[in-house]
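Geometric and topological summary
In case you want the letters, here they are:
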Amino acid sequence: QVQLVESGGGLVQPGGSLRLSCAASGFTFSSYPMRWYRQAPGKERELVARISSAGGITNYADSVKGRFTISRDNAKNTVYLQMNSPKPEDTAVYYCHAYDFISSTDYWGQGTQVTVAS
């Protein structure tokens, strides 16, 4: 079955850096666009970044543009989110997401907590 497993979260200081990883299995990873979402306490889940199946097209939320970078390694079935110069407002649980257009099914990872604090 489809599995998305995030890792790399933790405590990071403002201005530092952190890289999140999402290991995928159970589907043809290289055929699927991938997304990172986040959800802060008391707030709705929001889209952070997305990447096309081949990795050539990326989009970002305005709040992270210029600081975060999404990338993927289709040989390793893994998508990444490089977080540079994080801010306290980036504190949230970060989720990896894939959407199966054939079955109209959303797939989510379990999430990884990122806390930005000094």
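The structure displayed is predicted, hence computed values, not measured ones. (Residues numbered from 1 in each chain as written. Predicted model: local features only at pLDDT ≥ 70, side-chain atom pairs only at ≥ 80, totals over all residues. Heavy atoms only, no water.)

1. Points about the sheet that holds strand S8 (residues 78-84)
The antiparallel open sheet is built from four strands, whose spatial order is S1-S3-S8-S7. Only two strands of the sheet have a single neighbouring strand rather than two, namely strand S1 (3-7) and strand S7 (68-73). Neighbour-to-neighbour, the strand axes of this sheet turn through a mean angle of 15 degrees, independent of strand direction. Where S7 and S8 come together, six bridges link them in antiparallel fashion. Bridging from a neighbouring strand, Thr 69 pairs with Gln 82 of S8. (Pairing = 2+ DSSP bridges. Helix = DSSP H or I, 4+ residues; strand = E, 2+ residues; numbered from the N terminus. Axes fitted to C-alpha atoms, helices over the stretch in contact; angles between N-to-C directions.)

2. Overview of the pattern of salt bridges
One pass over the full model with this rule turns up four salt bridges. For Glu 46, the salt bridge identified is with Arg 38, shortest N-O distance 2.6 Å. By relative accessible area, which is 6% here, Arg 38 ends up buried. Here Asp 90 ties to Arg 38 by a salt bridge, and the two come within 2.8 Å at their closest N and O atoms. With Asp 90 in the loop between S8 and strand S9 (92-100) and Arg 38 in strand S4 (residues 34-39), this residue pair connects regions lying 52 residues apart in the sequence. For Asp 90, a relative accessible area of 1% gives the class buried. Salt bridges sharing partners connect three or more residues here, namely Arg 38, Glu 46, Arg 67 and Asp 90. (Salt bridge = Lys/Arg side-chain N within 4 Å of Asp/Glu carboxyl O. Buried < 20%, exposed > 50% of the residue type's maximum accessible area, 1.4 Å probe, protein only.)

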